[in-house]
Amino acid sequence: MGYLLNIIIIISWAVSTVAWATAKNISYTDKLDFQVRFDQRSNRNERFQYRLRYYPSLQLDASVSLNSMIVTGEHFNASHNSLDGSSNYIYARRLFVRKQYEHGKTEIGAIPTYKGRISSSGLSKDGWVTGARHVYISQAGNALELVVGRLESLDPAHALDWPENLNYFELEYSANIDRSRSMELSIERMLSGNFIRTEYRQTLSRQTELALEFIQRLDSNQSKFVTGLTGTLRYPDNPLEYGIYYAYSSQDFGPRAELTEDFIGNGHSLSLELEGKLSRFQATGWFVRIDLVENTQRLLTGIVIKL
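What comes next is a walk through the structure. Predicted model only: the values in this text are computed from it and were never measured.

1. Describing the pairing of strand 13 (residues 222-233)
Bridge count between strand 12 (residues 208-217) and strand 13: 10 bridges; the pairing is antiparallel. Note that in strand 13 the partner of Glu213 across the bridge is Val226. Hairpin connection between strand 12 and strand 13: a loop of four residues separates the two successive antiparallel strands. Pairing of strand 13 with strand 14 (residues 240-249), which is carried by 10 bridges, proceeds in the antiparallel orientation.

2. Here's the deal with the nonpolar core
Ranked by internal contacts, the top residues of the largest apolar core, which has 17 residues, are Phe76, Leu123, Leu151, Tyr168 and Met190. Counting residues in hydrophobic clusters, the runner-up holds seven residues, among them Tyr28, Leu52, Leu58 and Ile90.

3. Here we look at a nonpolar patch on the surface
Side chains of Tyr136, Leu144, Leu146, Val148, Leu166, Phe169, Leu171, Tyr173 and Ile187 sit close together on the surface and give an oily, nonpolar patch of about 780 Å² of accessible area. Contributions of two or more residues to the nonpolar patch are made by strand 8 (143-150) and strand 9 (168-176). Mapped onto the secondary structure, Tyr136 falls in strand 7 (residues 129-137). Residue class for Tyr136 comes out partly exposed when judged on its relative accessible area of 44%.

4. Describing unusual backbone geometry
Of note, the phi angle at Ser192 is positive, near 60°, even though the residue is not glycine. Along the chain, Ser192 falls in the loop between strand 10 (181-190) and strand 11 (193-205). On the basis of relative accessible area, Ser192 is assigned to the exposed category, the value being 58%. For Glu294, which is not a glycine, the phi torsion comes out positive at approximately 50°.

The rules behind these values
- Residues numbered from 1 in each chain as written.
- Predicted model: local features only at pLDDT ≥ 70, side-chain atom pairs only at ≥ 80, totals over all residues.
- Heavy atoms only, no water.
- Pairing = 2+ DSSP bridges.
- Helix = DSSP H or I, 4+ residues; strand = E, 2+ residues; numbered from the N terminus.
- Core = buried A, V, L, I, M, F, W, Y, C linked by side-chain atoms within 4.5 Å.
- Buried < 20%, exposed > 50% of the residue type's maximum accessible area, 1.4 Å probe, protein only.
- Patch = residues over 30% accessible without salt bridge, like charges linked within 9 Å, V, L, I, M, F, W, Y side chains within 5 Å.
- Areas by Shrake-Rupley, 256 points an atom, 1.4 Å probe, with all protein chains shown as cover.
- Salt bridge = Lys/Arg side-chain N within 4 Å of Asp/Glu carboxyl O.

Here you go:
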C-alpha cells in the first residue's frame with residue numbers, strides 16, 4: 001500500500017510539474033527506466049527484485065536546469081525492492097541546479113556522484129553527494145573537476161537533508177593522451193578516509209576498450225584494483241554488449257570500496273556481463289551477470305525497460 005501511494009504521489013507531482021512548466025513556458029523532460037531481476041547467491045536465499053528510476057528535469061533557460069532523480073531502494077548503493085512486498089522504498093535521491101558553460105558546468109544541491117562516465121571504482125551511480133561540483137573542460141577535451149560537499153548518511157530518506165558541515169572533497173584531472181588512450185587522476189577525502197585514484201583507458205579496436213583502475217587509501221595500507229575489458233559483439237539486428245572484470249579489494253579498505261559501482265565483496269573477484277535488446281521491443285533490454293568472489297557465487301539476470 002505504501003509503495004502504491006508513493007507511485008501515485010510521483011505521478012501526481014509529474015503531471016502538476018508538466019502543467020506548471022507549460023504555463024510558464026519552461027521546457028520539461030524526463031526519463032524512466034524499470035528493471036526486474038532474479039538474484040541468486042550461494043550464501044543467501046534467491047530473490048526476485050525490481051527497480052524504478054525516474055529522472056525529471058526543468059530547463060529554466062538556455063543554460064540553467066533543475067534536475068532530480070527518484071529511485072527505489074533503501075541504501076546508497078542499493079536501489080532494488082523485493083517483489084515479495086517486504087520492501088517498498090522509493091525516495092528522491094537528487095535535487096540540484098545545473099549551469100552549463102561553453103567549457104564546463106556547475107552543479108549545486110544533492111548532486112550525482114559522477115560528472116560523466118561512470119567508472120567501476122567510482123561511487124554508485126544511484127548515490128548522491130550534498131554540495132557543489134564545478135567542471136572545466138579545455139578545448140583539447142581535458143577536464144578539471146572539483147567537488148566539495150557532504151557524504152554522511154547512506155539512507156536515501158535523508159539524501160536531500162541540508163549539510164551541517166563539509167566532509168567530502170574531490171579534485172580530479174581527466175586527459176586524453178591521444179586518440180585511443182585517456183587517463184584520470186584524483187585526490188579524494190570521504191567517509192573519514194583520504195584516497196588517491198588513478199584510471200587508464202585504451203581503445204583496442206572499434207568495439208573493445210581496456211580499463212585499469214587503482215585506489216590507494218593514504219591513511220592506511222589498503223587498496224583496490226580493477227581491470228576490465230568491455231566491448232560490443234556485432235550482430236545484424238541486436239549487438240551484444242559485454243564486460244569482463246577482475247577486481248581486488250583489501251579486506252579492511254572500508255566503505256569507500258563497498259559503495260563503488262562494481263562492489264561485490266572484498267578480496268579477489270571476477271565478473272562477467274552480457275546485455276542486449278529484444279529485437280521487437282527496442283526499449284526493452286536483457287542482461288546476465290555472473291560474479292565470483294572468494295567462496296561466493298552470484299547470478300543476476302533480468303530485463304530493463306527504458307522510456
